[in-house]
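Spelled out, the chains give:
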Amino acid sequence: MLWLDAWDIEEQEAWFSHMSLQGWKLIGISKWMAEFEKCEPQKVNYRCDVFKLNDKSENNRIEFYKQSGWEHIATRGFIQVFRDMKGDNSLEIHTDPIEQAATLSILKQDITKRGILTLLLSVITLMLIVGAHQIDPVGNYLNDKFIETIVLIIAYMSISITMVNGMIHMSKLMKRLKSGSLLEHEKSYHRKIKRNKVVGITVIFILSLWVLTVFLNLMNSLQEDRFPAIPKTELPIVQMADFIDDFTYIDEEGLSYFKENSSFLVPRQYQLEQMVEVPGETWEDNSDIYSPSISSFGYEVRSEWLAKKFVQDLKEKHTYYAENYVKVPESKFDELWLSQGNFNAAFIARKHNKVYRVLYYGKGSIDEIIERALAKAER
């Protein structure tokens with residue numbers, strides 16, 4: 001792995017020379033990799049020059065360098081790597097710093113263009129990511145969508161910081177050359193390689209972890225039962241059995257089920273869907289058999305502070321049953337928000353870090369359902 005950026009010209013020259021002293025001869029290079037072959041340890045000078053290889057006049061330059069004792073080894077973008085064929089420590093490609101500054105201007109312009117474009121695209125992308133993040137704030141709690149946002153922000157910030165560092169580094173090199181000082185060929189590269197390794201491995205690790213998480217969640221979603229049966233026990237959220245003694249389930253897939261889930265911010269999540277028929281009872285207009293339904297959601301959030309914010313996001317997110325929540329001023333809950341119609345009602349309630357959301361359609365009293373939810377929240 002080539003842990004040096006293209007603009008680290010001095011460091012690359014020093015690293016290639018050091019590898020030769022260790023018995024490794026450079027034979028090829030790409031954007032991210034350097035290829036070596038085993039050789040006898042020897043002191044060999046490497047130099048980096050900057051020009052476009054496909055330019056005919058620059059090909060003539062390679063021939064001229066060859067006649068001067070420099071062998072062209074590899075290309076990395078605008079960077080051309082040469083090796084001293086004569087072993088003459090006094091031999092140099094550039095002896096005029098002003099002339100070398102002119103050649104480096106090509107690389108500086110390229111890095112500046114790419115740096116500005118990267119920053120612009122990063123800002124646009126991050127704005128879109130944050131916008132998408134705001135569209136579904138509840139998903140950040142329940143489905144860990146915020147993790148994707150954080151990963152992408154880290155990735156784009158890393159790329160942007162790298163490009164800005166390249167622009168600054170090139171400006172410093174140009175300034176030094178224009179002041180009359182030549183580049184250092186024995187520049188210490190260890191710190192820069194170590195830093196780039198840490199940054200690179202960290203970013204790769206985070207991205208890999210994120211990809212693995214997405215893959216595992218996808219596999220779990222494909223294998224899980226979409227409508228698991230409701231357990232015949234008391235559940236941690238409100239259910240029909242809490243306030244109706246006798247009922248039968250309407251036998252249609254998806255109308256009645258119980259799910260448990262987990263996320264980083266809300267490690268315990270419960271969802272209960274029930275639609276039933278009550279034998280011997282009809283609606284008030286005697287139109288049909290009485291068939292109430294309830295959707296109950298329970299959440300144990302990691303902290304009370306997060307739970308407060310979660311309640312606000314729940315209120316703004318859900319408009320099912322045309323919910324128009326009004327805060328109930330006096331309640332045994334820490335906060336209670338209620339929306340009520342003729343045969344439908346909904347409430348969102350919080351007790352410490354426990355949050356409940358219940359949607360009810362039926363003739364029963366919503367106050368009784370709220371009391372049942374409170375009893376479960378206080379356990």
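Residues numbered from 1 in each chain as written. Predicted model: local features only at pLDDT ≥ 70, side-chain atom pairs only at ≥ 80, totals over all residues. Heavy atoms only, no water.

The next subject is the overall build of the protein chain. Helix and strand counts for the protein chain stand at eight helices and 13 strands. Since a compact globule built from 379 residues should have a radius of gyration of about 21 Å, the 34 Å found for the protein chain marks it as more spread out than a globular shape. If you line up the protein chain on its principal axes, its C-alpha atoms span 105 × 40 × 40 Å. A burial count over the protein chain gives 43% of its 379 residues as buried. For the protein chain, contacts bridging at least 24 residues in sequence account for 62% of all contacts bridging at least 6. Accessible surface computed for the protein chain: about 21,400 Å², of which carbon and sulfur atoms make up 55%. The averaged location of the 52 negative side-chain charges in the protein chain is 10 Å from the averaged location of its 45 positive side-chain charges. (Helix = DSSP H or I, 4+ residues; strand = E, 2+ residues; numbered from the N terminus. Rg over C-alpha atoms; globule rule 2.2 N^0.38 Å. Buried < 20%, exposed > 50% of the residue type's maximum accessible area, 1.4 Å probe, protein only. Contact = heavy atoms within 4.5 Å. Areas by Shrake-Rupley, 256 points an atom, 1.4 Å probe, with all protein chains shown as cover. Lys, Arg positive; Asp, Glu negative; His and termini not counted. Charge placed at Lys NZ, Arg CZ, Asp CG, Glu CD.)

Turning next to the confidence of the model for the protein chain. When pLDDT is averaged along the protein chain, the result is 88; 97% of the residues meet or exceed 70. For the protein chain, helix α2 (residues 56-67) is the element with the lowest average pLDDT, namely 79, and strand β9 (residues 293-300) is the one with the highest, namely 96. (pLDDT = per-residue confidence, 0-100.)

Relative to the 50 Å expected for 34 residues at 1.5 Å per residue, helix α5 (residues 145-178) spans 50 Å between its end C-alpha atoms, a close match to the ideal helical length. The set of residues buried in α5 consists of Phe146, Thr149, Val151, Ala155, Ser160, Met163, Gly166, His169, Met170, Leu173, Met174 and Leu177. Contacts made by the buried residues of α5 are with α1 (9-21), α3 (97-135), α4 (137-142) and α6 (190-223). Just downstream of α5, Gly180 is the residue with a positive phi angle, here 105°. (Expected span 1.5 Å × (residues − 1).)

Our next topic: the packing of aromatic side chains. Aromatic ring pairs: the centre-centre distance and the angle between the two ring planes describe each pair. Here the structure, examined in full by the defined rule, presents 16 aromatic pairs. With a centroid separation of 6.2 Å and an interplanar angle of 50°, the aromatic rings of Phe64 and Tyr65 are classed as tilted. Judged by its relative accessible area of 52%, Phe64 is exposed. A centroid spacing of 5.1 Å and a plane angle of 90° characterise the contact between Tyr65 and Phe82, whose relative ring orientation is edge-to-face. A residue pair is termed long-range when its members are at least 10 positions apart, and Tyr65 in helix α2 and Phe82 in strand β5 (residues 79-84) qualify at 17 residues. When its relative accessible area of 7% is taken as the criterion, Tyr65 is described as buried. The rings of Trp15, Phe16, Phe36 and Tyr46 are connected pair by pair, giving a single aromatic cluster. Cation over ring: Lys38 sits above Trp24, and NZ or CZ is 4.7 Å from the ring centre. A cation sits over an aromatic face here: Lys315 above Trp337, 3.5 Å from the ring centre. (Phe/Tyr/Trp six-rings, centres within 6.5 Å; stacked < 30°, edge-to-face > 60°. Lys NZ or Arg CZ within 6 Å of the ring centre and 35° of its normal.)

This brings us to the environment of Leu255. By the secondary structure assignment, Leu255 is in the loop between β6 (248-249) and β7 (257-261). In this structure, the C-alpha to C-alpha distance between Leu255 and Ile294, residues 39 residues apart in sequence, is 9.9 Å. Those residues in contact with Leu255, other than ones at most four positions away along the chain, are Ile250, Glu273, Gln274 and Met275.

Looking now at the packing of α3 against α5. Running from N to C, α3 and α5 point in directions that differ by 160°, and their axes come no closer than 8 Å. Between α3 and α5, the crossing angle belongs to the class labelled roughly antiparallel. For the element pair α3 and α5, the recorded crossing hand is left-handed. (Axes fitted to C-alpha atoms, helices over the stretch in contact; angles between N-to-C directions. Parallel < 35°, antiparallel > 145°, perpendicular 65-115°, else oblique. Left-handed = near helix turned anticlockwise from the far one by under 90°.)

Along the chain, Lys354 turns up in strand β13 (residues 354-361). The buried charged residue Lys354 lacks any salt bridge partner; its closest oppositely charged side chain belongs to Glu300, at an N-O distance of 4.7 Å. Looking at Lys354, its side chain comes within polar contact range of the main-chain oxygen of Arg379, at 2.9 Å. Those residues in contact with Lys354 that lie beyond four places of it in its chain are Tyr299, Glu300, Ala349, Lys376, Ala377 and Arg379. (Salt bridge = Lys/Arg side-chain N within 4 Å of Asp/Glu carboxyl O. Polar contact = N/O pair within 3.5 Å; in protein donor to acceptor, adjacent residues only side chain to side chain.)

The three strands lie next to each other as β3-β5-β4, forming an open sheet whose pairing is antiparallel. For this open sheet the edge positions go to β3 (46-50) and β4 (70-76), each flanked by a neighbour on one side alone. The sheet shows a mean angle of 30° between the axes of neighbouring strands, taken without regard to direction. Relative to β3, α1 is tilted by about 150°, and along the sheet it contacts β3, β4 and β5. Contacts from α3 reach β3 and β5 within the one sheet, and its direction differs from that of β3 by about 70°. (Pairing = 2+ DSSP bridges.)

Glancing now at the pattern of salt bridges. Oppositely charged side chains can pair when the atoms bearing their charge come close. Taken as a whole and assessed by the stated rule, the structure comprises 17 salt bridges. The partner of Arg47 in a salt bridge is Glu92, and the shortest N-O contact between them spans 2.9 Å. With Arg47 in strand β3 and Glu92 in the loop between β5 and α3, the pair connects residues that are 45 residues apart, well separated along the chain. Assessed through its relative accessible area of 5%, Arg47 is described here as buried. In this structure, the salt-bridge partner of Glu300 is Arg268, at a minimum N-O distance of 3.8 Å. Taken together, the positions of Glu300 in strand β9 and Arg268 in strand β8 (residues 268-277) put the pair 32 residues apart, joining distant regions of the chain. With a relative accessible area of 22%, Glu300 lands in the partly exposed category.

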